[in-house]
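One-letter residues, chain by chain:
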Amino acid sequence: QVQLVESGGGLVQAGGSLRLSCAASGRTFSTYAMGWFRQALGKERVFVAAISRSGGSTYYADSVKGRFTISRDNAKNTVSLQMNSLKPEDTALYYCAAESFGRLWTESKYYNYWGQGTQVTVSS
């Protein structure tokens, strides 16, 4: 099992940047592919980005491609999401998630473990 705790959310003006972090417990972090999802108020949870076990492969939703960067540090058991050029439509609760088979799924149902989320609010 792995426990995930997100941090780094906050209030930022449009065009600004934030860096989200997700700290994982356990010694098997490097065996999981990791993903970031977000859920805006009243909407479904949607895929943002994913990264392979080694960090060598990444995948992004079209809506964040070129603005967000996912990375991981297996020595520190962390995965991060650097968010630049933020827009009001990026406002959401952001979750990190772990996937046991090492695949870069975009569907949330394939992820086994979830954090509690961190709120990102982008003002116009």
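Residues numbered from 1 in each chain as written. Predicted model: local features only at pLDDT ≥ 70, side-chain atom pairs only at ≥ 80, totals over all residues. Heavy atoms only, no water.

**Student:** Mind laying out the overall build of the protein chain, listing which residues take part and the relevant values?
**Tutor:** Each helix and strand counted, the protein chain has zero helices and eleven strands in total. Secondary structure elements of the protein chain, listed N to C terminal, follow the sequence β-β-β-β-β-β-β-β-β-β-β. Over its C-alpha atoms the protein chain spans a radius of gyration of 13 Å, differing by no more than 12% from the 14 Å that the globule rule assigns to 124 residues. Dimensions of the protein chain, computed from the C-alpha atoms along their principal axes, are close to 40 × 25 × 25 Å. Split into buried and exposed, the 124 residues of the protein chain put 40% on the buried side. Sequence-distant contacts, at least 24 apart, represent 59% of the contacts inside the protein chain between residues at least 6 apart. Surface accessibility of the protein chain: about 6,500 Å² in total, with carbon and sulfur atoms responsible for 48%. Measuring between centres, the 13 positive side-chain charges of the protein chain sit 5 Å from its 8 negative side-chain charges. (Helix = DSSP H or I, 4+ residues; strand = E, 2+ residues; numbered from the N terminus. Rg over C-alpha atoms; globule rule 2.2 N^0.38 Å. Buried < 20%, exposed > 50% of the residue type's maximum accessible area, 1.4 Å probe, protein only. Contact = heavy atoms within 4.5 Å. Areas by Shrake-Rupley, 256 points an atom, 1.4 Å probe, with all protein chains shown as cover. Lys, Arg positive; Asp, Glu negative; His and termini not counted. Charge placed at Lys NZ, Arg CZ, Asp CG, Glu CD.)

**Student:** Before we move on, could you go through the sheet that holds strand β8 (residues 78-83) and cite the residues and values that matter?
**Tutor:** Pairing is antiparallel across the open sheet formed by four strands, whose spatial order is β1-β3-β8-β7. For this open sheet the edge positions go to β1 (4-7) and β7 (68-73), each flanked by a neighbour on one side alone. In this sheet, adjacent strand axes meet at a mean angle of 15° when their direction is disregarded. As judged from the six bridges shared by strand β3 (residues 18-24) and β8, these two strands associate in the antiparallel manner. Paired with Leu 20 across the strands is Leu 81, a residue of β8. (Pairing = 2+ DSSP bridges. Axes fitted to C-alpha atoms, helices over the stretch in contact; angles between N-to-C directions.)

**Student:** Could you give an account of the pattern of salt bridges, with specific residues and numbers?
**Tutor:** Under the defined criterion, the tally for this structure stands at three salt bridges. Measuring nitrogen to oxygen at the nearest pair gives 2.8 Å for the salt bridge that ties Arg 67 to Asp 90. Of the two residues, Arg 67 is situated in the loop between β6 (58-60) and β7 and Asp 90 in the loop between β8 and β9 (92-99); the sequence distance between them amounts to 23 residues. The class for Arg 67 is buried, based on a relative accessible area of 11%. Taken together, the shared-partner salt bridges connect Arg 38, Arg 67 and Asp 90 into one network. (Salt bridge = Lys/Arg side-chain N within 4 Å of Asp/Glu carboxyl O.)

The values are spatial; any link to function lies outside them.
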